Amino acid sequence: MASLYSDLSQLTALRFHVKHRRLVRQQKLVSQKGGAHQAVRKGRGMSFSEVREYQPGDDVRHIDWKVTARQQKAHTKVFTEELEKPVMVLCEQTPVMFFASQVRFKSVQALNLATALGWITLHQGDRIGGWSFNHQTHTFVPAKHQHRSLMRFVQQTQTLQQSLSAPGLQDPHAWTRQLEAISPSLRPGTRLILIGHLLNQPDGFFARLRLLKKHHQLDLIHVYDPLEQQLPHNGMLTVTDGHTQTRLNSASQAVQDAWQSGFHQAWSNLHLHCQRLHLPLLAINTQDDPVTALQQAGMIR
């Protein structure tokens, strides 16, 4: 029997299963999943340190003109590189994710993956934040190197998840809206990990990825149920999108071919766009153990 909703105790326990795991560098994933092209290294972000007198070789763009005018000597702002890299996970909890044939729902697996990646990020000394959304609203937790920040994200995502009671049609513009909304909150060099259905996206989604890629590192994880790939050979089946029901003859080869073709076309389109953008794309199914699946997909080591 598939689990309807995530179990907080299991999500908390994931921290002990990933204690010695580390995220694989995004550039390495690009070469493995998105072709041989190496992505341009994005900065970790710079934080202000102090103002001091200008010295030969200092960047003139950092001159503090107010202090310079007040002191009658050139002064410059000093910045230091942030050592903790921010990682932001985006977790989809819309009705299209409220689907399962066995083991667990797609919405549950998405949160499993987001939480596991969150614990790994903290274990390796980086900051973790999260943005999750359903069909009604979203929740945001800024990236911090704090266990309580991750748990706040997990609990808020659970709340969104528990508002799901039936599967539904995909909102084709949901992801595009979320990416537009989160963009102003991202620090330069943030690693952005998108987890959800992700298929059948409009051109605006990929245009937004292209913009984000200029200042951030991006990874995409498509979560799917095996039933979405292939129908079981069980005769007449009743399927629903949450509003209408349809009868399918799974014994028909034509029905089987059409079902598989629909999934293959949607996946191939997403894969092609990610290749063109040199972005790593992973596919993880609902039956897999989340930590094992992340390791087999090359996301963690």
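Residues numbered from 1 in each chain as written. Predicted model: local features only at pLDDT ≥ 70, side-chain atom pairs only at ≥ 80, totals over all residues. Heavy atoms only, no water.

Draft legend 1. Representation of the confidence of the model for the chain. Confidence along the chain averages 90 in pLDDT terms, with 90% of residues attaining 70 or more. Below pLDDT 50 for its whole length, residues 35-44 participates in 29 contacts with residues either more than four positions away or in separate chains. (pLDDT = per-residue confidence, 0-100. Contact = heavy atoms within 4.5 Å.)

Draft legend 2. Spotlight on the sheet that holds strand β10 (residues 281-285). Spatially, the 6 strands line up as an open sheet ordered β5-β4-β3-β6-β7-β10, and their pairing is mixed. Edge positions in the sheet fall to β5 (138-144) and β10, since each has one partner strand and no second. The average angle at which neighbouring strand axes cross in this sheet is 15°, direction not considered. As defined by bridge partners, strand β7 (residues 217-224) adjoins β10 across 5 bridges and the pair is classed as parallel. The residue of β10 that forms the bridge with Ile-221 is Leu-282. Contacts from helix α7 (residues 203-212) reach β6 (191-196) and β7 within the one sheet, and its direction differs from that of β7 by about 145°. (Pairing = 2+ DSSP bridges. Helix = DSSP H or I, 4+ residues; strand = E, 2+ residues; numbered from the N terminus. Axes fitted to C-alpha atoms, helices over the stretch in contact; angles between N-to-C directions.)

Draft legend 3. The arrangement of the packing of aromatic side chains in detail. Under the criterion given, the structure shown has 6 aromatic pairs. Measuring from ring centre to ring centre gives 5.0 Å for Phe-205 and Phe-206, while their planes differ by 80°; the resulting arrangement is edge-to-face. Overall, Phe-206 belongs to the buried group, its relative accessible area being 3%. Members of the aromatic cluster, joined through ring pairs, are Tyr-5, Phe-98 and Phe-105. (Phe/Tyr/Trp six-rings, centres within 6.5 Å; stacked < 30°, edge-to-face > 60°. Buried < 20%, exposed > 50% of the residue type's maximum accessible area, 1.4 Å probe, protein only.)

Draft legend 4. Broad picture of the packing of α7 against helix α9 (residues 253-277). Contact geometry of α7 with α9 gives a least axis separation of 11 Å together with a crossing angle of 25°. With respect to each other, α7 and α9 are oriented roughly parallel. Crossing hand, α7 versus α9: right-handed. Where α7 approaches α9, its residues Phe-206, Leu-209 and Arg-210 are matched on the opposing element by Leu-270, His-273 and Leu-277. Considering only residue class, the contact of α7 with α9 consists of 4 nonpolar, 1 polar and 1 charged. (Parallel < 35°, antiparallel > 145°, perpendicular 65-115°, else oblique. Left-handed = near helix turned anticlockwise from the far one by under 90°. Nonpolar A, V, L, I, M, F, W, Y, C, P; charged D, E, K, R; others polar.)

Draft legend 5. Local environment of the nonpolar core. Counting 36 residues, the largest nonpolar core has Leu-117, Phe-153, Ile-193, Ile-195, Ile-221, Leu-294 and Ile-300 as its most contacted members. Elements with a minimum of two residues in this core: α1 (8-17), β3 (86-92), α4 (106-123), α5 (147-161), β6, β7, β10 and α10 (290-296). It is α4 that provides the largest number of residues to this core, a total of 9 residues. In this structure Leu-294 touches Leu-113, Ala-116, Leu-117, Ile-221, Ile-284, Met-299 and Ile-300, once residues within four positions along its chain are discounted. Trp-131, Ala-143, Phe-205 and Leu-281 belong to the second largest nonpolar core, which has 28 residues in total. (Core = buried A, V, L, I, M, F, W, Y, C linked by side-chain atoms within 4.5 Å.)

Draft legend 6. A look at unusual backbone geometry. Positioned with a positive phi, Leu-198 is a non-glycine residue whose angle comes to about 70°. By the element assignment, Leu-198 lies in the loop between β6 and α7. Here His-278, not a glycine, exhibits a phi torsion of approximately 55°, which is positive. Position of His-278 among the secondary structure elements: in the loop between α9 and β10.

Draft legend 7. Representation of α5. The end-to-end C-alpha distance of α5, which contains 15 residues, comes to 21 Å, matching closely the 21 Å that a straight helix rising 1.5 Å per residue would cover. Buried within α5 we find Ser-149, Leu-150, Met-151, Phe-153, Val-154, Thr-157, Gln-158, Leu-160 and Gln-161. Tucked inside the fold, the buried residues of α5 contact α1, β3, α4, β4 (127-133) and β5. (Expected span 1.5 Å × (residues − 1).)

Draft legend 8. Structural view of a nonpolar patch on the surface. Taken together, the side chains of Phe-48, Val-51 and Phe-79 define a hydrophobic patch exposed on the protein surface, amounting to about 250 Å² of accessible area. Mapped onto the elements, Phe-48 comes out in strand β1 (residues 46-53). (Patch = residues over 30% accessible without salt bridge, like charges linked within 9 Å, V, L, I, M, F, W, Y side chains within 5 Å. Areas by Shrake-Rupley, 256 points an atom, 1.4 Å probe, with all protein chains shown as cover. Salt bridge = Lys/Arg side-chain N within 4 Å of Asp/Glu carboxyl O.)

Draft legend 9. Structural view of α4. Given a rise of 1.5 Å per residue, 18 residues ought to cover 26 Å, and the 26 Å separating the end C-alpha atoms of α4 matches this to within 8%. Gly-125 sits one or two residues past α4 and shows a positive phi near 90°.

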